[in-house]
Amino acid sequence: MPKLKSLEDLQSLREQLQGDIKARAETATTIIVGMGTCGISAGAREVMHAILAELDARDIDAHVTTVGCIGMCSKEPLVDIQQGDEPRITYGNITPAMVPRIIEEHLIQGHVVDEWVVGRVTG
Amino acid sequence: MSTSKAEQYRVDVLVCTCPACTKAGAPEMEQALKSEVGRRNLADEVRVVETGSRGFCSMGPIVIIQPEGILYCQVGAADVPEVVEETLVKGRVVERLTYKEPETHKAVPYYDQIPFYGKQMRVVLRNCGLINPMSIEEYVAVGGYQALAKALTVMTPEEVIAEVKKSGLRGRGGAGFPTGRKWGFARSAPGDVKYIVANGDEGDPGAFMDRSLMEGDPHAILEGMTIGAYAIGAHEGHIYVRDEYPLALRNLNAAIEQAREYGLLGQDILGSGFDFEIKITRGAGAFVCGEETALMASIEGRAGNPRPRPPFPAQSGLWGKPTNINNAKTWANIPLIIDRGADWFSQIGTETSKGTMIFSLVGKVNNTGLVEVPMGITLRELIFDIGGGIQDGKQFKAVQTGGPSGGCIPADLLDLPVDYEHLKDAGSIMGSGGMIVMDEGTCMVDVARYFLDFLKEESCGKCTPCREGIRQMLAILTRITEGEGEMADLAQLETLAHVVQDASLCGLGQTAPNPVLSTLRYFRDEYVAHIEDKKCPAGVCRALIEYTILEDACTGCGLCRRKCPQEAISGEKKKLHVIDQEKCIKCGVCFDVCKFDAVAVR
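Criteria and thresholds
Within any chain, residue numbers begin from 1 and follow the written order of that chain's sequence. Chain letters start at A and ligand numbers start at 1, both assigned in the order the entries are written. Note on the predicted model: pLDDT of at least 70 is required for a residue's local features to be given, and 80 or more for side-chain atom pairs to be given and counted; whole-chain, interface and lining totals, by contrast, use all residues. Excluding hydrogens and water, the side-chain figures rest on all heavy atoms present in the structure. By the criteria applied, helices consist of DSSP H or I runs no shorter than four residues and strands consist of E runs no shorter than two, each listed in order from the N terminus. Note that the radius of gyration is over C-alpha atoms, with the globule rule given as 2.2 Å times the number of residues to the power 0.38. Buried, partly exposed and exposed residues are distinguished by accessible area as a fraction of the type maximum, computed with a 1.4 Å probe on protein chains only: under 20%, between the cut-offs, and over 50%, respectively. The contact rule is simple, with two residues in contact once any of their heavy atoms fall within 4.5 Å. Values labelled buried area give the accessible surface lost by two parts on being combined, using a 1.4 Å probe and summing over both. Any carboxyl oxygen of Asp or Glu that lies within 4 Å of a side-chain nitrogen of Lys or Arg is treated as forming a salt bridge with it. In protein, a polar contact requires one atom able to donate a hydrogen and another able to accept it; more generally it is a pair of N or O atoms within 3.5 Å, and residues adjacent in sequence count only if both atoms are side-chain atoms. For this classification, the nonpolar set comprises Ala, Val, Leu, Ile, Met, Phe, Trp, Tyr, Cys and Pro, the charged set comprises Asp, Glu, Lys and Arg, and every other residue, Gly included, is treated as polar. Each aromatic pair joins two rings of Phe, Tyr and Trp (for Trp, the six-membered one) with centres within 6.5 Å, and gets the label stacked for planes under 30 degrees apart, edge-to-face for over 60, and tilted for any other angle. Look at NZ for Lys and CZ for Arg. If either is within 6 Å of the ring centre and within 35 degrees of the ring normal, a charge sits over the ring. Note on pairing: DSSP must find at least two bridges between two strands before they are called paired. Angles here are taken between N-to-C directions and fall from 0 to 180 degrees, while the axes themselves are lines fitted to C-alpha atoms, restricted in helices to the stretch in contact.

(A) How the structure looks around the overall build of chain B. For chain B, the count of helices and strands is 24 helices and 19 strands. Its C-alpha atoms give chain B a radius of gyration of 26 Å, near enough to 25 Å, the size a compact globule of 602 residues would have. By principal-axis analysis of the C-alpha atoms, chain B measures approximately 85 × 65 × 40 Å. Counting only residues that meet the buried cut, chain B has 60% of its 602 residues in that class. Of the contacts made within chain B by residues no fewer than 6 positions apart, 69% connect residues no fewer than 24 positions apart.

See below:
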């Protein structure tokens, strides 16, 4: 491997490598996918893979975690987005095809996609 | 360096590979985890990462799941399918594997909510258990080598020394000498060739602070040493590690190799024109080699014997050249000070003791392990909040700080703030961070005897007060524990202790009497009970105790009779048994096996 010749070399290496330990670093955004049996049978794993691919493609810094069933099984797959102290937004009946729009509008533009929202949790 | 985008994983499963977890079955569990992750087609999103110790050694094998921060204790290979199915796939906590609060049995799934971690301040240990110590890339990703780059590019050596001085950092290996001042001496010493040394010769029984740091975050030590070398004007560094630390040696060697490949060691580091190399010397494991002049003799290939100071190593150290020696933990503090600044560092701790201290908390405490706390925390917080109190609901009796040559501090000093001065005033030392908790079942005379027995073996024998003084004190203590003591022995012990303290050449002899003096100071009653009443109040010293069977509690089950190796117990079935005191060797087997608490020790 080429040697680091300067402070700038070290910093660019650090930036490159930071994504590698993303799961262990603090992030401002957590995306939570309902992964109970109900979620999985409704396609939650495919939705989660679509989210991971979209985050990767757009180089967005966010944690993706899974949770068990929260009881709203008819609306599965459920995807929640939690950003800082903002209310936690729950989207329902999500398919992989809907993922790019959620990422684009919610995470990049900062607008909640109201028509797909099934719940908001404050605090 | 690779230009491709870093692989991104949704989940990192951190598996502790420290010797304690390894012994508890971590490698088999990790293997099972990797194959289960593969079998469930999760390998693209879940990564298994080997890390150093997170310090919670009593609960291993430890697994931490990130980003959630879920901590599982005592995870075996058989638990793996459930962890994968429930937590990695479905996002549910497997409650039976979580830490339970000892009193309420309440499950605490997240590691930052476990009281063991709650009162800690893990800054020097920040990467231990979080990054893979075999990967320089992970160290760089969490900000590693930024402090070195800062020192080399925007600071002069004098500015580095000034910053370390201003931080108030004191040596973490024993005497607590101000690190910045020590560096200043080495910098101003005349000569072109200078050396720096990291002391990783951790010889205290039951201590593993340096080992865990060298295993868990080796690059932090290398980075600190390189900054120190730049400040002092050294181009060669040595790390002295005992050979009985194979994992520390492996990780340090790998770290040195990787740092060389990236040009963070070697010639013209980061284009600054500064050259620095690090070599490792493996020690054979002698307590005295933790003393700096003995350590240097050992690196030079001579017997590890101390020599008088002056000349101090800063004037004449390794091969007669100016040398700066710091403990491995001290070196690991340096990148933090340079990166975050002396002001940040000095706001942690007390007036005279800045920053944090790493302790290995062991003995009769519930949560044994490695802890890092701000200086000034009380012993009570350390032992009861972080340590979770005393095992089996017994009473706290004393805590020994500073390794075998530290003192024993009693219960009425539990609110003592832990810093260099307070420990010294209490008759103990900070030392390197050993902390042994003792309960009501510990005999303090026997403890003093035990440590002197250790020190007798470890004294190099070069100077008479230490060699003979320890031996004589040990003989008196042994006599007292055997019931042959006299009251005049106590004055004799004190006299001997002061001679050894005052007239020994090195720190080993100078501190060796601490266990004797501190137990005489705080637990004189116990000595008197041994001598005058011929009793060991803790029920430890065999010559002074008697096992008897209690008439009310004995069911006549016969278990003790069958287990007694001396056939000293007799009795008919379902009738009271008795111990023949003539035959009894006081091994305690009857006491241990009795299911009805019918055997008493007095």
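Anyway, onward from the coordinates.
(B) Spotlight on the interface of chain A and chain B. Counting residues at the interface gives 35 residues for chain A, matched by 47 residues for chain B. Buried surface at the junction of chain A and chain B, both sides included, amounts to about 3,700 Å², of which 55% is carbon and sulfur. Across the pair aspartate 20 of chain A and arginine 47 of chain B runs a salt bridge whose closest N-O atoms are separated by 3.0 Å. Scanning the region where chain A abuts chain B turns up 14 residue pairs in polar contact (both at pLDDT 80 or more). Looking at the side of chain A that touches chain B, the element that brings in the most residues is helix α1 (residues 7-18) of chain A, giving 8 residues. Split by residue class, the side of chain A that touches chain B holds 15 nonpolar, 11 polar and 9 charged.

(C) Local environment of the packing of aromatic side chains. Residues and elements named next belong to chain B. Counted according to the given criterion, the structure contains 16 aromatic pairs over all chains. Between phenylalanine 274 and phenylalanine 276, the ring centres sit 6.2 Å apart and the planes meet at 15°, which makes this aromatic pair stacked. There is no split in this pair, since phenylalanine 274 and phenylalanine 276 are both buried. Taken together, a centroid distance of 6.2 Å and an interplanar angle of 55° make the contact between tyrosine 547 and phenylalanine 591 tilted. Residue tyrosine 547 is located in strand β16 (residues 547-549), and its partner phenylalanine 591 is located in helix α24 (residues 589-593); the two are separated by 44 residues in the primary sequence. Members of the aromatic cluster, joined through ring pairs, are Phe56, Tyr99, Tyr111, Phe116 and Tyr117. In this structure, arginine 211 packs its charged tip against the face of tyrosine 245, placed 6.0 Å from the ring centre. Seen from the ring of tryptophan 344, arginine 340 lies directly overhead, with NZ or CZ sitting 4.7 Å from the centre.

(D) Spatial organisation of the sheet that holds strand β9 (residues 277-283) of chain B. Residue and element names in this part refer to chain B. Pairing is parallel in the open sheet, where 4 strands are placed in the order β9-β8-β7-β10. Both edges of this open sheet fall to β9 and β10 (323-327), since each of them pairs with a single strand only. The average undirected angle you get between the axes of adjacent strands in this sheet is 20°. The sheet contact formed by strand β8 (residues 236-242) and β9 spans 7 bridges and is parallel.

(E) Inspection of the side chain of histidine 238 of chain B at higher detail. For histidine 238 of chain B, the position within the fold is in strand β8. Filtering out sequence-adjacent residues up to four positions away, histidine 238 of chain B remains in contact with Ile196, Val197, Ala198, Met225, Lys279, Thr281, Ile299, Leu318 and Trp319 of chain B.

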